[in-house]
Amino acid sequence: QVQVVESGGGLVQTGGSLRLSCAASGRTGRTYAMGWFHQAPGKEREFVAAISWSGGTTRYADSVKGRFTISRADASNTVYLQMSGLKPEDTAVYYCAASDVVTSIPIEARLYDYWGQGTQVTVSS
C-alpha cells in the first residue's frame, strides 16, 4: 500500500510564499510521477502542477505559471511545491498525488492512483 503525506500549508498574506512538501512511501524501488491539485469550497478539484518520475519534466496550470515551482528530491518520491506571489484565489486544500503512469505527466486527477489527505492553504487579502 502506498501512502502519500503532505505538509506545509498555512495562512499567508497576499503576495507571500509557502512551500508544500509531499512524500510517497510504501513500495521500494518505484518512482512515481507526482502531482499537486487544489480544491476550493464548492469547486471541483483542479490540476496545479506535476513532475515526471525522473524529475526532468514539469507541467503547470496556466493560473500558476511563473508563480509556483514543483521539484523533487533526486531519485525519491519526495516532491515540493514552492508557491510565491500568492493570491486570495489560491486559497484551497492542496492535495498531493502519485501516479503509476510512466509515459507522460498526467494532469487529470483520474490518472493518479494514490492521494494524500490534503493540506489547507489560506491567502488573506
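Let us look at the structure shown here. (Residues numbered from 1 in each chain as written. Predicted model: local features only at pLDDT ≥ 70, side-chain atom pairs only at ≥ 80, totals over all residues. Heavy atoms only, no water.)

1. Thoughts on the pattern of salt bridges
Selection rule: The working definition used for a salt bridge is a side-chain nitrogen of Lys or Arg within 4 Å of a carboxyl oxygen of Asp or Glu. Numbering of helices and strands starts at the N terminus; helices are DSSP runs of H or I of at least 4 residues and strands are runs of E of at least 2. Residue burial is assigned from relative accessible area. The probe radius is 1.4 Å, only protein chains are included, and a residue is buried under 20% of its type maximum, exposed over 50%, and partly exposed in between.
Across all of its chains, the model carries four salt bridges by this definition. For R67, the salt bridge identified is with D90, shortest N-O distance 2.8 Å. Of the two residues, R67 sits in the loop between β6 (58–60) and β7 (68–72) while D90 sits in the loop between β8 (78–83) and β9 (92–99), which places them 23 residues apart along the sequence. Here the two residues R67 and D90 agree in accessibility, since each one is buried. A salt bridge links R110 to E108, with the nearest nitrogen and oxygen atoms 2.7 Å apart.

2. As for the pairing of strand β11 (residues 119–124)
The side chains of a regular strand alternate, residue by residue, between the two faces of the sheet. Let me state the cut-off plainly: One requirement defines pairing of two strands: DSSP has to find at least two bridges between them.
Every second residue of β11 is oriented toward a common face, the buried set being T119, V121 and V123 and the non-buried set Q120, T122 and S124. As judged from the four bridges shared by strand β2 (residues 10–13) and β11, these two strands associate in the parallel manner. Bridge assignment links L11 to a residue of β11, and that residue is T122.

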